[in-house]
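In case you want the letters, here they are:
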Amino acid sequence: MATTQKSLIDSVPKGLFIGGVWRDATGGATLAVEDPSSGSTLTHVADATVADGKAALDAAVGAQAEWAATPPRDRGEILRAAFELITERAEDFATLMTLEMGKTLAESRGEVTYGAEFFRWFSEEAVRIHGRWSTAPNGATRLLTMKKPVGPTLMITPWNFPLAMGTRKIGPAIAAGCTMVVKPASQTPLTMLALAELLRECGLPAGVLNVITTRHTGDVMEPLIRDPRLRKLTFTGSTGIGRKLVEQSAEQLLRVSMELGGNAPFIVFEDADLDRAVDGAMLAKMRNIGEACTAANRFFVHESVAEEFAQKFAARMSGLTIGKGTRKGVDVGPLIDAKARDGVTELVEDAKAKGGTVVTGGGQVKGRGYFFEPTVITGVPMNARMMSEEIFGPVAPITTFGTEAEAIAKANSTEFGLASYVFTNDLSRVIRVSEALEYGMIGINQGIISNPAAPFGGVKASGFGREGGFEGIDEYLETTYVGIAP
Ligand code: NAP
């Protein structure tokens, strides 16, 4: 483990990782990485040009055939070794993540465990890529169905989970035999750069994984998306950018996976265990400082228990300690930047202006860094902006409902469809509500649903494709059918 934060940051390669070699950007430009708890610069990383982006794709294309022919067991063993090494270096990864992204060390440790698990899971899946053999119904021919790697893949990831959003794409791609170009978010590149070096140490052949960091993101990405040698684009980020990338990918009918924004409803029925619901609310709202696509965005609570729920929830929220994520005893780190903090402030002011009552929190924390108070607002009307927009911060709007049908209608009244949460002790209701909610994921009596062994993904404007579970590797496989006359 690196001894100080400075030596840890110094130990991370800052260049572009192309064809198995670390190198500077063409022209030598760099971009700054900021500590969101203070606004100060942590370090600089390479700022790739359009030519660097193309070089990364060249390397991925060059390595594809040999990588696809590498035995699945060998591909799996590299992932397994990487899982072990991430686990060994968990403290370094957690510290890096906290420094560049802001969340507490405890949360970063949780992400390291979660992120590493995708490598273990897909190391096991690499050797279970199956085809099919059957006889045609008329008996005239034999039907062989086989799976092949899709080919060179472009992966674009967001800043909120700097490790896990990468490993749940890289893991299945390595397992399936795809090569890749990874573009982490400009605000949190260090974790991904450390991961690339770790995979190199684990014996991943040159060119299989290429990582580029750039501030000219659109200019560098678009030519790659339009390059016919690219076979797949997988993106995690905002719905707005996702829409743009789908448009760009349409030109060559590129295979695409989109993990986009959410607007999760958190429904508490009158028969729920309220203490359990409050525990769930704390997780669903406060994990990652509310900066999660799965974050509970709208709380719908039955009118008979709404006041008690709000009081208990607000008491827990007001007891949280705000501060730099590396400090002991801190529960809530800073938001990623000033724009994010000001955006959350605007949403809170809008909710107040439309009749919401702030029970706890409600404002920015003065001083350096981009901190915002854990906030609970009751009586938020459906036309408040935060009922239709992703808050991406530690703010919980509560509104009430009278009937199950009303709760479902309100929960579904959004363009998004990623995560949702339901608290009830009635099994029949669990079945009815799960069938009626238009969401890719539903948590029943629990505030966290992400699990590497389960298919993560959304419907509607939250995107398409699944990551993790048995489904996760399918995103990186093509099906070829061969008809064989006996
Ligand atoms: P973002 O602004 O969409 O950025 C995501 C990634 O896209 C970053 O790497 C960014 O690069 C890149 N990007 C920006 N403009 C681009 C362009 N024109 N062409 C190609 N790439 C471009 O999203 P974010 O603010 O980082 O992340 C938060 C969003 O991600 C939220 O909406 C959240 O719900 C969503 N999210 C979804 C999931 C999921 O699984 N569904 C998981 C996590 C987060 P730069 O950093 O260089 O701008």
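Here goes a summary of the coordinates provided.

Calculation notes
- Residues numbered from 1 in each chain as written.
- Predicted model: local features only at pLDDT ≥ 70, side-chain atom pairs only at ≥ 80, totals over all residues.
- Heavy atoms only, no water.
- Pairing = 2+ DSSP bridges.
- Helix = DSSP H or I, 4+ residues; strand = E, 2+ residues; numbered from the N terminus.
- Axes fitted to C-alpha atoms, helices over the stretch in contact; angles between N-to-C directions.
- Contact = heavy atoms within 4.5 Å.
- Near = heavy atom within 4 Å.
- Polar contact = N/O pair within 3.5 Å; in protein donor to acceptor, adjacent residues only side chain to side chain.
- Areas by Shrake-Rupley, 256 points an atom, 1.4 Å probe, with all protein chains shown as cover.
- Nonpolar A, V, L, I, M, F, W, Y, C, P; charged D, E, K, R; others polar.
- Salt bridge = Lys/Arg side-chain N within 4 Å of Asp/Glu carboxyl O.
- Buried < 20%, exposed > 50% of the residue type's maximum accessible area, 1.4 Å probe, protein only.
- Parallel < 35°, antiparallel > 145°, perpendicular 65-115°, else oblique.
- Left-handed = near helix turned anticlockwise from the far one by under 90°.
- Expected span 1.5 Å × (residues − 1).
- Arc of directions from axis to C-beta.
- Phe/Tyr/Trp six-rings, centres within 6.5 Å; stacked < 30°, edge-to-face > 60°.
- Lys NZ or Arg CZ within 6 Å of the ring centre and 35° of its normal.

What about the pairing of strand E4 (residues 41–46)?
1) Next: As defined by bridge partners, strand E3 (residues 30–34) adjoins E4 across five bridges and the pair is classed as antiparallel. Of the residues in E4, the one forming a bridge with glutamate 34 is threonine 41.
2) Next: Between E3 and the antiparallel strand that follows it, E4, lie six residues; glycine 39 among them carries a positive phi value of about 80 degrees.

Some words on the sheet that holds strand E13 (residues 296–302)
1) Next: Judged by pairing direction, the sheet is mixed, and its seven strands sit side by side in the order E14-E15-E16-E13-E12-E17-E18 without closing on themselves. Only two strands of the sheet have a single neighbouring strand rather than two, namely strand E14 (357–360) and strand E18 (441–444). Direction aside, the axes of adjacent strands within the sheet are offset by 25 degrees on average.
2) Next: Across the sheet, helix H13 (residues 404–412) lies against strand E12 (264–268), E13 and strand E16 (395–401), angled at about 145 degrees from E16, the strand it touches most.

What to know about the site of the ligand
1) Next: Lining the immediate surroundings of the ligand are 30 residues, of which Arg168, Ser186, Thr217, Ser238 and Glu390 lie closest.
2) Next: Contact between the ligand and glutamate 259: an oxygen atom at 3.4 Å from a side-chain N or O atom of the residue.
3) Next: Here glutamate 390 contributes a side-chain N or O atom positioned 2.4 Å from an oxygen atom of the ligand.
4) Next: Protein chains shield 87% of the accessible area of the ligand, which is 920 Å² for the free molecule.
5) Next: Only helix H6 (164–176), helix H8 (217–225), strand E10 (232–236) and helix H9 (239–250) provide two or more residues apiece to the shell around the ligand.
6) Next: Here the element with the most residues in the shell around the ligand is H8; it accounts for three residues.
7) Next: Tallied by class, the residues present in the shell around the ligand amount to 15 nonpolar, eleven polar and four charged.

Looking at the pattern of salt bridges
1) Next: Applying the stated criterion across every chain yields a total of 34 salt bridges.
2) Next: In this structure, arginine 229 engages aspartate 227 in a salt bridge whose closest nitrogen and oxygen atoms are separated by 3.0 Å.
3) Next: The exposure class assigned to arginine 229 is partly exposed, which follows from its relative accessible area of 28%.
4) Next: Residue aspartate 227 is classed as buried on the basis of its relative accessible area of 13%.
5) Next: Linking aspartate 279 and arginine 316 is a salt bridge whose minimum nitrogen-to-oxygen distance equals 2.9 Å. One end of the pair, aspartate 279, is in helix H10 (residues 274–286); the other, arginine 316, is in helix H11 (residues 306–318), and 37 residues separate them in sequence.
6) Next: For arginine 316, a relative accessible area of 38% translates into the label partly exposed.

What about the sheet that holds strand E5 (residues 132–135)?
1) Next: Across the sheet, which stays open at both edges, the three strands sit in the order E5-E6-E20 with antiparallel pairing between neighbours. Each edge of the sheet is formed by a strand with only one pairing partner; in this case those strands are E5 and strand E20 (477–484). Each strand of the sheet is rotated relative to its neighbour by a mean of 20 degrees, with strand direction disregarded.
2) Next: As paired strands, strand E6 (residues 142–149) and E20 are joined by eight bridges and run antiparallel to one another. Note on E20: the bridge partner recorded for lysine 148 is glutamate 478.

Let's talk about the packing of H13 against helix H14 (residues 427–436)
1) Next: Interaxial distance between H13 and H14 falls to 10 Å at its minimum, and their mutual angle equals 30 degrees. One finds that H13 runs roughly parallel with respect to H14. Crossing of H13 over H14 shows right-handed handedness. In this structure, H13 uses Glu404, Ile408 and Asn412 to contact H14, whose residues at the interface are Arg429, Arg432, Val433 and Ala436.
2) Next: Its residues placed into classes, the contact of H13 with H14 shows three nonpolar, one polar and three charged.

Describing H11
1) Next: The end-to-end C-alpha distance of H11 is 18 Å, a good match for the 18 Å that 13 residues give at a rise of 1.5 Å each.
2) Next: Here H11 has its buried residues at Ala306, Phe309, Ala310, Phe313, Ala314 and Met317. Down the axis of H11, the buried side of the element spans an arc of 125 degrees, and every buried residue falls inside it. What points out from H11, more than 90 degrees from its buried face, is the exposed set Glu307 and Gln311.
3) Next: Those residues of H11 that are buried lie in contact with E12, H10, E13, E14, strand E15 (375–378) and E16.

Some words on the side chain of asparagine 297
1) Next: Inspection of the secondary structure assignment puts asparagine 297 in strand E13.
2) Next: By relative accessible area, asparagine 297 is classed as buried at 3%.
3) Next: Within the structure, asparagine 297 has its side chain in polar contact with the side chain of asparagine 263 (distance 2.8 Å).
4) Next: Leave out the neighbours within four places in its chain, and asparagine 297 touches Asn263, Ala264, Lys285, Met386, Glu389, Glu390, Ile391, Phe392 and Pro397.

What about the packing of aromatic side chains?
1) Next: This structure, assessed with the given rule, holds twelve aromatic pairs.
2) Next: What links up through ring pairs into an aromatic cluster is the set Phe266, Phe299, Phe309, Phe313, Tyr421 and Phe423.
3) Next: Just above the ring of phenylalanine 456 sits the side chain of arginine 168; from NZ or CZ to the centre is 4.0 Å.
4) Next: We note arginine 287 situated over the ring of tyrosine 114; from NZ or CZ to the ring centre the distance is 5.9 Å.

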